[in-house]
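Residues per chain, in single letters:
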Amino acid sequence: MKSIEWKGDHLLLLDQTRLPSNTIYLKITDEFALYDAIQKMQVRGAPAIGMSAAFGLYLAVRSSEIQDPMKFYEEILDRSSYLASARPTAVNLMWALRQLETRAKKEIASGASVKSVKSALLKEALNIQKRDIETCRKIGEYGLSLFKDGMGILTHCNPGSLATAGYGTATAPFYLAKEKGWKKLMVYVDETRPLLQGSRLTAYELQKAGIDITLICDNMAATVMAQGKVQAVIVGTDRIAANGDVANKIGTYNLAILAQYHNIPFYVAAPLSSIDLTTHRGSQIPIEERSGVEITRLGGRLIAPIRVKTYNPAFDVTPSSLVSAIITEEGIIRPKEDGTYNLRGLAAFGL
Ligand code: MRU
């Protein structure tokens, strides 16, 4: 499923707030519309946010009349920091924008004109999208090596094709299992309150692909585990700190605790671009807090008393001690013997 498509002079975004009932595409022609789409979660999921922002940065500067490359670079940085402020938690947003900034800097240093810097920015955005397809596939292959046909695997939120350019991160092993003809894998999908990315998006895309799924409410996970229906949990992430602490959709931490109690491995699937070596530990990851309306209303209908107090953190942090392994496009990272992670060695991959 394509959630982001570059159409030559504009970006087409599949409006994820309208799924699964309506398939509506948004035509994005400037950075303001893109910022709005990210904030409203019409485009969401860490890699998709990053990819769309890369195109957004190109859209922001493509008609600039500045001719001086250094002044143009300042404009790029200014528009980039505007886009980076759309949502705080997914580090892929900042990562993708940095890729474009770095590309522009290199072009300018080699004497490129403003016109050619503009086309380099578009090429870089297209590259990020293209590379994401390969990244997801590799994550899927490593992830699948941890599973066997006949297992029950629980996932949360939407780490799927809608959140990436390819097979998703945590869903990639499911797509590959299907391709390889596995017949007995059962994917348990958490509905994922408050915005239901699990039931609206993950259940939708996996069912469409013919993958065997069972939808459960978030508060059923413990029972499903106790009944022996689940042999592994796999989730995506919005940011992994250098010590292996993982920020992901609210409710992920609950699952990790439940998995440990039931002696079930808890896996995190992530592109390297989700690892933030400048954040030492999970407590330093900025957690987005969203409007209480997302809790008090469901599909526009009031489901709580008016003026009730709410608290709506969109993400939580799972301590690395609960993470059995991190599955990346470069391989599976296991904790050290003492149970801790040190991801600093990944700096060699340019992180
Ligand atoms: O608030 P969302 O829907 O953007 O949150 C998305 C998630 O938490 C995903 O699990 C994460 O971004 C991984 S996407 C491959």
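Residues numbered from 1 in each chain as written. Predicted model: local features only at pLDDT ≥ 70, side-chain atom pairs only at ≥ 80, totals over all residues. Heavy atoms only, no water.

Q: An account of the domain arrangement of the chain is needed here, citing residue identities and associated values.
A: Domain boundaries in the chain define domain 1 (4-137) and domain 2 (145-349). For domain 1 versus domain 2, the distance between C-alpha centres works out to 25 Å. Each partner contributes residues to the interface: domain 1 has 29 residues there, and domain 2 has 34 residues. Taken together, the two surfaces of domain 1 and domain 2 that pack against each other cover about 2500 Å², and 57% of this comes from carbon and sulfur. On the surface where domain 1 and domain 2 come into contact, there are two salt bridges. Where Glu288 meets Arg87, a salt bridge forms, and the shortest distance between an N and an O atom there is 2.8 Å. Connecting domain 1 to domain 2 are 16 residue pairs in polar contact (both at pLDDT 80 or more). The set of elements that each furnish at least two residues to the side of domain 1 that touches domain 2 consists of helix 2 (46-61), helix 4 (91-109) and helix 5 (114-144). The element best represented in the side of domain 1 that touches domain 2 is helix 5, accounting for six residues. Here the side of domain 1 that touches domain 2 is composed, by residue class, of 15 nonpolar, nine polar and five charged. (Domains from an automatic or database assignment. Contact = heavy atoms within 4.5 Å. Buried area = accessible area lost by both parts, 1.4 Å probe. Salt bridge = Lys/Arg side-chain N within 4 Å of Asp/Glu carboxyl O. Polar contact = N/O pair within 3.5 Å; in protein donor to acceptor, adjacent residues only side chain to side chain. Helix = DSSP H or I, 4+ residues; strand = E, 2+ residues; numbered from the N terminus. Nonpolar A, V, L, I, M, F, W, Y, C, P; charged D, E, K, R; others polar.)

Q: Lay out the sheet that holds strand 4 (residues 152-155) with the relevant residues and their values.
A: On the basis of which strands lie adjacent, the open sheet formed by seven strands has the order 6-5-4-7-10-15-16 and mixed pairing. The open sheet has two edge strands with one neighbour each: strand 6 (213-216) and strand 16 (331-333). Along the sheet, successive strands turn relative to each other by an average axial angle of 25 degrees, direction set aside. (Pairing = 2+ DSSP bridges. Axes fitted to C-alpha atoms, helices over the stretch in contact; angles between N-to-C directions.)

Q: Before we move on, can you summarise the packing of aromatic side chains with the specific residues and values?
A: A complete count under the given rule lists six aromatic pairs for this structure. Seen in terms of ring centroids, Trp6 and Phe55 are 5.3 Å apart; in terms of plane orientation they differ by 10 degrees. Their pairing is stacked. Taken together, the residues span a long stretch of sequence, with Trp6 in strand 1 (residues 4-6) and Phe55 in helix 2 at a distance of 49 residues. Residue Phe55 is classed as buried on the basis of its relative accessible area, which comes to 0%. Centre to centre, the rings of Phe147 and Tyr267 are 6.1 Å apart; their planes meet at 55 degrees, and the pair counts as tilted. Here Phe147, found in the loop between helix 5 and strand 4, pairs with Tyr267, found in strand 10 (residues 266-269); they are 120 residues apart in sequence, far enough to count as distant. Across the pair, Tyr267 and Phe147 agree in class, each one buried. (Phe/Tyr/Trp six-rings, centres within 6.5 Å; stacked < 30°, edge-to-face > 60°. Buried < 20%, exposed > 50% of the residue type's maximum accessible area, 1.4 Å probe, protein only.)

Q: Account for the side chain of His156, naming residues and giving values.
A: Here His156 shows up in the loop between strand 4 and helix 6 (172-179). Among the polar contacts listed, one links the side chain of His156 to the side chain of Asp190, at a separation of 2.8 Å. A distance of 2.9 Å separates a polar atom in the side chain of His156 from the backbone oxygen of Ile250. When near neighbours in sequence (up to four residues on either side) are disregarded, His156 contacts Asp190, Thr192, Asp218, Ile234, Val235, Lys249, Ile250, Gly251, Thr252 and Leu255.

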